[in-house]
Amino acid sequence: NVMNDLVLVLPHGYEGQGPEHSSARMERFLSMAAENNIQIANITTPANFFHILRRQLKRDFRKPLVIFTPKSLLRHPQVVSPLKDFTSGGFREVIDDPQAEPEKVKKVVLVSGKLYYELMDHKKEKQAEDTAIVRLEQIYPLPYNQLAEIIHKYKNAKDWIWAQEEPGNMGAWQFIRRNFTDVKLRPVTRPDSGSPATGSSKFHKIRQEKIITKVFGECDCDRVNKECRMICAQREELIEMEKRGEI
């Protein structure tokens, strides 16, 4: 068999810049992932980015590597790693919440990519000590052993959420729902859509805020703690369009 060490680094992240600048179509790559044929990752720290590239060269075998990353993390003030994280350790497929106290945690949020930083900022602001935010850095192959450790650590948690910026029919959610069934996950996503993202920065902001408030149970929708299609966000978008005289 011929080994392939191809690395693709694709811009991917919802920043209000429209369809062409938001999605690298992660769901399409995940639909082709089977039998350990490729690696798919969404990295959130410089050290982890370094280690996944190093692992790609140091391993005894070669598999194509696809890395999704938003442009905004290049200049994000929190996206830094101490020097020791580069000189020791290795690639971390799962990164646990460094601030969570397991005995206090009632809700665990699994997330991948830049949404982590927005959720963590909100957690600090609201002092939500009952919530742990866990980063899934490698999406395929799924790191089942590391995820099992997370489940065991937060055994008191009753609410498990998969949060993503993408619409529900895109991104990693459909793959996660089918392949990770050790806990009952509740998705918090944008509504299913025929387009990767809206072209309106105002609508983008409304839906981005809805994702965050829904994760923390602060949305005023009557389905705040259930799976929903973000109907309340669509209602707010209609109100915004009325203000602008578009309808």
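Right above here is the structure, for reference.
These numbers come from a predicted model, not from an experiment.

Enquirer: Sorry, what's going on with the pairing of strand β8 (residues 159–167) here?
Expert: Side-chain positions along a regular strand alternate between the two faces of the sheet. Burial within β8 is extensive, with 9 of its 9 residues counted as buried. Pairing between β8 and strand β9 (residues 185–190): 5 bridges, direction parallel. Within β9, the residue paired with Ile-161 across the bridge is Arg-186. The parallel pair β8 and β9 is bridged by helix α6 (residues 173–179), and the resulting crossover is right-handed.

Enquirer: Looking at this structure, how should I read helix α2 (residues 46–58)?
Expert: Residues separated by three or four positions in an α-helix point in the same direction, a consequence of the helix having 3.6 residues per turn. For α2, built from 13 residues, the straight-helix expectation of 18 Å at 1.5 Å per residue is met to within 8% by its first-to-last C-alpha distance of 18 Å. Residues Ala-47, Asn-48, His-51, Ile-52, Arg-55 and Gln-56 constitute the buried set of α2. Turning to α2, the residues buried within the fold contact β1 (7–11), β2 (39–42), β3 (65–69), α3 (83–87), β4 (94–95) and β7 (138–140).

Enquirer: Help me understand the nonpolar core in this model?
Expert: When a protein is soluble and globular, its nonpolar side chains tend to lie buried together. Counting 34 residues, the largest nonpolar core has Ile-40, Tyr-154, Ile-176 and Leu-185 as the members making the most contacts within it. Those elements giving two or more residues to this core turn out to be α1 (26–31), β3, β5 (107–111), β6 (131–136), β7, α5 (144–153), β8 and α6. When near neighbours in sequence (up to four residues on either side) are disregarded, Ile-40 contacts Phe-29, Leu-30, Ala-33, Val-66, Phe-68, Glu-137, Gln-138, Ile-139 and Tyr-140.

Enquirer: Can you walk me through the packing of helix α4 (residues 115–126) against helix α7 (residues 201–215) in this structure?
Expert: Axis angle and axis distance: for two packed helices, these are the angle between their axes and the distance between the axes, and together they describe the pair. Here α4 crosses α7 at 55°, and the two axes come no closer than 10 Å. Between α4 and α7, the interaxial angle falls into the category oblique. You can see that α4 and α7 cross each other, and the crossing is right-handed. Between α4 and α7, the contacting residues are Leu-115, Glu-118, Leu-119 and His-122 on the first element and Gln-208, Ile-211, Ile-212 and Val-215 on the second.

Enquirer: Which parts of the structure should I look at to understand the packing of aromatic side chains?
Expert: The description of two aromatic rings rests on the distance between their centres and on the angle between their planes. For the structure shown, the criterion picks out 4 aromatic pairs. Sitting over the face of the ring of Tyr-116, Arg-135 holds its NZ or CZ atom 3.8 Å from the ring centroid.

Enquirer: Please clarify how the sheet that holds β8 should be interpreted in this entry.
Expert: Each strand in a sheet pairs with another by means of backbone hydrogen bonds, the pair being arranged parallel or else antiparallel. Strand order across the open sheet formed by 5 strands is β4-β6-β5-β8-β9, with mixed pairing between neighbours. On the outer flanks of this sheet lie β4 and β9, each paired with one strand and no other. For β4 and β6, the ladder comprises 2 bridges, and the chain directions are antiparallel. Residue Ile-95 lies in a different strand from β6, and its bridge partner there is Arg-135.

Enquirer: Looking at this model, I keep getting lost on the side chain of His-12. Mind explaining?
Expert: One can find His-12 in the loop between β1 and α1. In this view, His-12 contacts Ser-22, Ser-23, Ala-24, Arg-25, Met-26, Phe-68, Thr-69, Pro-70 and Glu-166; residues no more than four positions away in its chain are not counted.

Enquirer: Could you clarify how one ought to interpret the pattern of salt bridges in this entry?
Expert: Two side chains that carry opposite charge are able to pair once their charged atoms sit near each other. Applying the stated criterion across every chain yields a total of 11 salt bridges. Across the pair Lys-84 and Asp-85 runs a salt bridge whose closest N-O atoms are separated by 3.3 Å. A salt bridge links Glu-129 to Lys-104; the shortest N-O distance between them is 3.2 Å. You can see Glu-129 sitting in the loop between α4 and β6 and its partner Lys-104 sitting in the loop between β4 and β5, a full 25 residues away along the chain. Since its relative accessible area comes to 36%, Lys-104 is described here as partly exposed.

Calculation rules
- Within any chain, residue numbers begin from 1 and follow the written order of that chain's sequence.
- Note on the predicted model: pLDDT of at least 70 is required for a residue's local features to be given, and 80 or more for side-chain atom pairs to be given and counted; whole-chain, interface and lining totals, by contrast, use all residues.
- No hydrogens and no water enter the side-chain calculation; it runs on all heavy atoms of the structure.
- Exposure is judged per residue with a 1.4 Å probe applied to protein chains only, and the accessible area is read against the type maximum: over 50% gives exposed, under 20% gives buried, and values in between give partly exposed.
- Starting at the N terminus, helices and strands are each numbered in turn, a helix being any DSSP run of H or I of at least four residues and a strand any DSSP run of E of at least two.
- In short, DSSP must find at least two bridges between two strands for them to pair.
- If you view a crossover with the strands going away from you and the path from the first strand over the helix to the second runs clockwise, you call it right-handed.
- For a helix, the expected span equals 1.5 Å multiplied by the number of residues minus one.
- Two residues qualify as a contact provided that any one of their heavy atoms is within 4.5 Å of a heavy atom in the partner residue.
- Joining through side-chain atoms within 4.5 Å is the link that ties buried Ala, Val, Leu, Ile, Met, Phe, Trp, Tyr and Cys residues into a set, and such a set is a nonpolar core.
- Lines fitted to C-alpha atoms define the axes, with helix axes restricted to the stretch in contact, and inter-axis angles between N-to-C directions lie between 0 and 180 degrees.
- Each angle receives one of four descriptions, namely roughly parallel if under 35 degrees, roughly antiparallel if over 145, roughly perpendicular if within 65 to 115, and oblique otherwise.
- By the definition used in this description, the sense in which the near helix is turned from the far one sets the handedness, with an anticlockwise turn below a right angle giving left-handed and a clockwise turn giving right-handed.
- Only the six-membered ring of Trp is used, alongside the rings of Phe and Tyr, when aromatic pairs are assigned; centres must lie within 6.5 Å, and planes under 30 degrees apart are stacked while those over 60 apart are edge-to-face, with the rest tilted.
- To sit over a ring, a charge needs its Lys NZ or Arg CZ within 6 Å of the ring centre and within 35 degrees of the ring normal.
- Salt bridges are defined by distance alone: a side-chain nitrogen of Lys or Arg within 4 Å of a carboxyl oxygen of Asp or Glu.

Remember that the coordinates give geometry; whether it matters functionally is a separate question.
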